[in-house]
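Geometric and topological summary
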Amino acid sequence: MLSTTDGRRLFGRLAAGEGETLTWETLLRDRLEIDLDQVSSIDLRMGGEDAPQMDGGAGVSDRVTLLNGDVLDGFVLSLGEVIEVETASEVRSIAVERARRIDLANPPQTSSSVMVSLRDGSVLAVTSLAAVAPTGGRESVVLSGGDAGSGIEVSASDVLGVVFEPQALRGLAPRATLSHEALSGMRWIDPPRAQPHA
């Protein structure tokens, strides 16, 4: 799974990489070209053992976690069949088959596209979506532009959410709580009551 700095999540696989760009082969459409500065993380072995990781953009350096649990911190120079990482002491070349996860220290960005969350966990940036007349009792939605390319038809029940203006959303988690305290002797809910069967 590839996660981007603007919150997109794309399931698929790393198809190629050249310079500052990588090619990601998605499950929904053929291939996407993505600039490395837009990538937050790439999980190359979904469903494996948990490995040390960071949230993309949270660290001061990039991190490559290998299958054996070893970690290389530094600057990822290129991604493809070989991952080149400039560490503090040298440039290391690692075969992509040996890597489990790649976290890039790119800062988070806000998307200006419509963001669509799908049931499979994908989050796509698209430019438009349109309902399709039901056929055979199935309602569908056509997503187009951005990650959807010229158009992807998905079941309406697979669309979990749509954010039309992501730049207008503000996360609450990083905000400090002003204050909260329990009122002494006051219950928030009534305790459960047991009644005998008649």
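Model, not experiment: these values are computed from the prediction. One numbering rule holds for all chains: residues counted from 1, following each sequence as written. For a predicted model such as this one, the threshold for reporting local features is a pLDDT of at least 70, and the threshold for listing and counting side-chain atom pairs is 80 or more; totals across whole chains, interfaces and linings nevertheless cover every residue. Side-chain figures throughout are based on the complete set of non-hydrogen atoms in the structure, without hydrogens or water.

1. Comments concerning the overall build of the chain
Rule in force here: Numbering goes from the N terminus for both helices and strands, where a helix is a DSSP run of H or I of at least four residues and a strand is a run of E of at least two. By definition, residues are in contact when any of their heavy atoms lie within 4.5 Å. Where accessible areas are quoted, they stem from the Shrake-Rupley method and a 1.4 Å probe; at the residue level, only the protein chains shown are allowed to cover.
Per the secondary structure count, the chain includes zero helices and 17 strands. Taking the contacts inside the chain whose residues are at least 6 apart along the sequence as the reference set, 48% of them involve residues at least 24 apart. In the form shown here, the chain has an accessible surface area of approximately 12600 Å², with 50% of it arising from carbon and sulfur atoms.

2. Examining the pattern of salt bridges
Note the following rule: Any carboxyl oxygen of Asp or Glu within 4 Å of a side-chain nitrogen of Lys or Arg constitutes a salt bridge here. For every residue, the accessible area (1.4 Å probe, protein chains only) is compared with the maximum for its type, and the residue is labelled buried under 20%, exposed over 50%, or partly exposed between those bounds.
Taken as a whole and judged by the stated rule, the model has nine salt bridges. With a shortest N-O distance of 3.0 Å, R101 and D103 are connected by a salt bridge. For the pair R101 and D103, one class covers both residues: buried. The salt bridge involving D158 is made with R119; its shortest N-O contact spans 3.5 Å. With D158 in the loop between β16 (152-155) and β17 (159-163) and R119 in the loop between β12 (114-118) and β13 (123-126), this residue pair connects regions lying 39 residues apart in the sequence. What makes D158 partly exposed here is its relative accessible area of 30%.

3. With respect to the nonpolar core
Quick reminder of the rule: What is meant by a nonpolar core is a set of buried Ala, Val, Leu, Ile, Met, Phe, Trp, Tyr and Cys residues, joined one to another through side-chain atoms within 4.5 Å.
Grouped together as the largest cluster of nonpolar side chains are 34 residues, with contacts concentrated most on L22, I42, V64, I83 and I102. Looking at this core, the element that brings in the most residues is β12, giving three residues. When sequence neighbours within four positions are dropped, the list of residues in contact with I42 reads M1, L2, L22, W24, L79, R100, R101 and I102.

4. Here's the deal with the sheet that holds β16
Applied cut-off: By this definition, two strands are paired if DSSP reports at least two bridges between them. Under this scheme, a helix contributes an axis fitted over its contacting stretch, all axes are lines through C-alpha atoms, and angles between N-to-C directions fall in the 0 to 180 degree range.
As summarised here, the arrangement of the three strands in space is β14-β15-β16, forming an open sheet in which the pairing is antiparallel. One side of each edge strand has no neighbouring strand; the edge strands of this open sheet are β14 (128-135) and β16. The mean inter-strand angle of the sheet, taken between neighbouring strand axes irrespective of direction, is 30 degrees.

5. Structural notes on the sheet that holds strand β5 (residues 31-35)
Here we have three strands laid out as an open sheet, ordered β3-β4-β5, and antiparallel in their pairing. Every interior strand has two partners, whereas the edge strands, β3 (12-18) and β5, have only one. Taken pair by pair, the neighbouring strands of this sheet meet at an average axis angle of 30 degrees, ignoring direction. Where β3 lies against strand β4 (residues 21-26), six bridges are found, and the strand directions are antiparallel. Looking at β4, one finds that E18 is bridged to T21.

6. Regarding the pairing of strand β8 (residues 71-78)
Taken together, the four bridges between strand β7 (residues 62-66) and β8 define a ladder with antiparallel strand orientation. Residue pairing in the sheet places V64 in a bridge with L72 of β8. Pairing of β8 with strand β9 (residues 82-86) involves three bridges; the strand directions are antiparallel. Pairing of V76 across the sheet is with V85, part of β9. The loop that links β8 with its antiparallel partner β9 comprises three residues.

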